[in-house]
Amino acid sequence: MSRTPAVRALTVARRTLATILGLQVALALVLTIVDSYRRRGKKPQPFPVSAPREVPVGDGRVTTYTYGQDLYAAMLDAIRGAQRQILFETYIWKGDEVGEEFKKALVEAARRGVDVYAIYDGFANLVVSPAFKRFPPELKVLHYPVYNAGLRFWDLRRYGRDHRKILVVDEEVGFVGGYNIGSAYATEWRDTHVRLTGPAVWDLQRAFADFWNLNRRRRFGRSERPLLLETASMWEPQIRVHRNIPRLWMFPIRSMYLEAINRATTNIWMTHAYFIPDQDFVDSLCEAGRRGVDVRLLLPLKSNHIVADWISRGYFSQMLEAGVRILRYRDAMVHAKTSTIDGSWSTVGTANVDRLSLQGNYEINVEVIDQDLARAMEEIFTVDESNCLELTLGEWEARDLHRKFTEMFLGPLRPLL
């Protein structure tokens with residue numbers, strides 16, 4: 001029996017869509033391979049950095065770090081001085097010299113009686129040697145699995161990666177930000193982290209404990225003991241910790257950004273490694289630019305994910321036309337996820353402005369309402385801006401036809417990133 005015209009048309013449409021998707025994925029793979037080949041043998045270039053700066057905020061202090069070696073030295077000092085408890089969580093934990101130094105410090109702390117908990121993401125560390133990922137029994141380690149849905153493969157809440165980077169020591173000091181753990185990040189990447197003291201540290205503790213308890217392993221039908229914390233309920237009114245929790249379908253970080261952007265009257269200065277927002281996010285930035293707000297977006301000239309670069313450019317035309325300034329960081333990978341608005345509002349954390357971070361992964365950002373910290377963040381931005389090339393509307397409109405085609409052709413992949 002012959003098929004009806006409607007059935008034939010539907011079949012043709014399905015095959016056409018499948019072909020287009022296949023070509024898009026193939027082009028993305030080709031771009032990735034070519035970019036990887038071009039990077040071979042290239043030596044990292046030096047870039048300007050800001051020295052660590054400590055600012056009093058409420059009943060605690062916030063210290064900014066923009067260079068990996070400075071941050072790692074502070075983190076390792078805290079670990080080596082720990083007396084009671086260490087909570088350590090990272091997305092990437094390389095098995096190189098820096099990774100080994102952190103592992104050794106955690107093991108030594110555990111062996112002198114400190115209660116040490118560690119979490120790392122299984123997918124992000126697939127290429128790390130299995131030998132490195134073997135830990136002595138003194139450490140309590142949660143390997144967040146590559147596949148976490150089990151038989152519930154339809155449950156999208158269970159596909160988020162653990163993209164957070166947290167360290168809390170003795171309930172007294174906490175670290176959070178964009179830095180992963182590895183030698184390259186120590187000197188070759190430009191990122192931002194903060195060190196916290198005061199009541200805000202308790203929120204980082206709770207964030208760690210909630211993740212641990214939500215994902216702790218179950219053996220023989222019984223769960224491992226939960227991580228119980230005796231933390232104060234006091235709030236630090238100038239600091240809030242926002243957590244994206246896909247398992248609970250909670251994604252407050254996007255709302256945090258949109259509220260701050262929509263309230264802006266003077267300036268919005270944002271630094272992001274990967275910028276693939278939804279249209280509502282773009283519209284908010286454009287509306288701010290049109291009402292006279294000084295909107296600056298600092299991105300890598302070339303990131304470590306070439307496909308993300310191509311896809312993000314699809315928004316450039318409308319932003320440039322609205323007065324948004326686009327600054328492209330040269331010579332090094334800028335991996336920071338920071339913003340400061342109107343000289344009083346700032347955020348530092350792990351969430352990129354893309355679908356995976358804002359609506360997919362476990363993320364954590366610190367929101368701070370404080371003029372002194374905002375001033376420090378503006379100074380960091382100014383230093384970074386000195387290493388940037390600004391993209392003008394005329395330059396953007398004059399780009400080659402093949403670039404315009406590639407950006408348009410890869411555009412439909414945005415929801416996947």
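Residues numbered from 1 in each chain as written. Predicted model: local features only at pLDDT ≥ 70, side-chain atom pairs only at ≥ 80, totals over all residues. Heavy atoms only, no water.

## Quick notes on the overall build of the chain
Here's step 1: What the chain contains, in helices and strands, is 13 helices and 22 strands.
Here's step 2: Put simply, the chain shows about 19800 Å² of open surface, and 55% of that area lies on carbon and sulfur atoms. (Helix = DSSP H or I, 4+ residues; strand = E, 2+ residues; numbered from the N terminus. Areas by Shrake-Rupley, 256 points an atom, 1.4 Å probe, with all protein chains shown as cover.)

## Here's the deal with the pairing of strand 18 (residues 337-341)
If a strand is regular, its side chains alternate between the two faces of the sheet.
Here's step 1: Taking burial as the measure, the five residues of strand 18 include five buried ones, the bulk of the element.
Here's step 2: In this sheet, strand 18 lies alongside strand 13 (residues 267-272) in antiparallel orientation, the contact comprising five bridges. The partner of His-272 across the bridge, within strand 18, is Lys-337.
Here's step 3: When strand 18 meets strand 19 (residues 345-349), the two strands line up antiparallel, connected through four bridges. The residue of strand 19 that forms the bridge with Ile-341 is Trp-345.
Here's step 4: A loop of three residues connects strand 18 with strand 19, the two strands running antiparallel in sequence, and Asp-342 in this loop sits at a positive phi of about 55°. (Buried < 20%, exposed > 50% of the residue type's maximum accessible area, 1.4 Å probe, protein only. Pairing = 2+ DSSP bridges.)

## Quick notes on the pattern of salt bridges
Here's step 1: Applying the stated rule across the entire model yields 21 salt bridges.
Here's step 2: Its salt-bridge partner being Glu-259, residue Arg-263 comes within 3.8 Å of it at the nearest N-O pair. Of the two residues, Arg-263 and Glu-259 are both situated in helix 6 (residues 252-263); the distance of four residues between them amounts to about one turn of the helix.
Here's step 3: With its nearest N and O atoms 2.8 Å apart, the salt bridge here joins Arg-375 to Asp-372. Residue Arg-375 and its partner Asp-372 are both found in helix 11 (residues 371-385); the two are separated by three residues, about one turn of the helix.
Here's step 4: On the accessibility criterion, Arg-375 (39% relative accessible area) is partly exposed. (Salt bridge = Lys/Arg side-chain N within 4 Å of Asp/Glu carboxyl O.)

## Thoughts on the pairing of strand 2 (residues 60-65)
Here's step 1: Of all the six residues making up strand 2, five are buried; the element is thus mostly covered by neighbouring parts of the structure.
Here's step 2: Across five bridges, strand 1 (residues 53-57) lies against strand 2 in antiparallel orientation. Bridge pairing in strand 2 places Val-55 opposite Val-62.

## Some details on the sheet that holds strand 3 (residues 85-90)
Here's step 1: Spatially, the eight strands line up as an open sheet ordered 1-2-9-7-6-3-4-5, and their pairing is mixed. Each edge of the sheet is formed by a strand with only one pairing partner; in this case those strands are strand 1 and strand 5 (140-144). When strand polarity is set aside, the average angle formed by the axes of neighbouring strands in this sheet is 15°.
Here's step 2: Bridge analysis of strand 3 against strand 4 (residues 115-121) gives six bridges, and the strand direction is parallel. The partner of Leu-87 across the bridge, within strand 4, is Tyr-117.
Here's step 3: Helix-sheet contacts for helix 2 (residues 68-80) involve strand 2, strand 3, strand 6 (166-169), strand 7 (173-177) and strand 9 (193-197), and the interaxial angle to strand 7 is about 150°.
Here's step 4: The strands that helix 11 touches are strand 1 and strand 2; relative to strand 1, the one it contacts most, it runs at about 155°. (Axes fitted to C-alpha atoms, helices over the stretch in contact; angles between N-to-C directions. Contact = heavy atoms within 4.5 Å.)

## Let's talk about the UniProt feature "domain: PLD phosphodiesterase" (unreviewed entry) in the chain
Here's step 1: UniProt annotation of "domain: PLD phosphodiesterase" (unreviewed entry) refers to residues 158-185 and 330-357 when read in the numbering used here.
Here's step 2: For the annotated span residues 158-185, helix accounts for 11% and strand for 32% of the residues, and the straight-line distance between the end C-alpha atoms is 29 Å.
Here's step 3: Note that residues 330-357 is 11% helix and 50% strand, and that its end C-alpha atoms are spaced 24 Å apart. (UniProt positions renumbered as here; feature names shortened; annotations may be inferred.)

## Quick notes on the packing of helix 2 against helix 3 (residues 97-111)
Here's step 1: At their nearest, the axes of helix 2 and helix 3 sit 9 Å apart, and the two run at 15° to each other. The angle between helix 2 and helix 3 places the two elements in the roughly parallel class. Of the two possible hands of crossing, helix 2 and helix 3 adopt the one that is left-handed. Between helix 2, through Tyr-72, Met-75, Leu-76, Ile-79 and Arg-80, and helix 3, the contact on the second element is made entirely by Val-98, Glu-101, Phe-102, Ala-105, Leu-106 and Ala-109.
Here's step 2: Of the residues contributing to the contact of helix 2 with helix 3, the split by class is nine nonpolar, no polar and two charged. (Parallel < 35°, antiparallel > 145°, perpendicular 65-115°, else oblique. Left-handed = near helix turned anticlockwise from the far one by under 90°. Nonpolar A, V, L, I, M, F, W, Y, C, P; charged D, E, K, R; others polar.)

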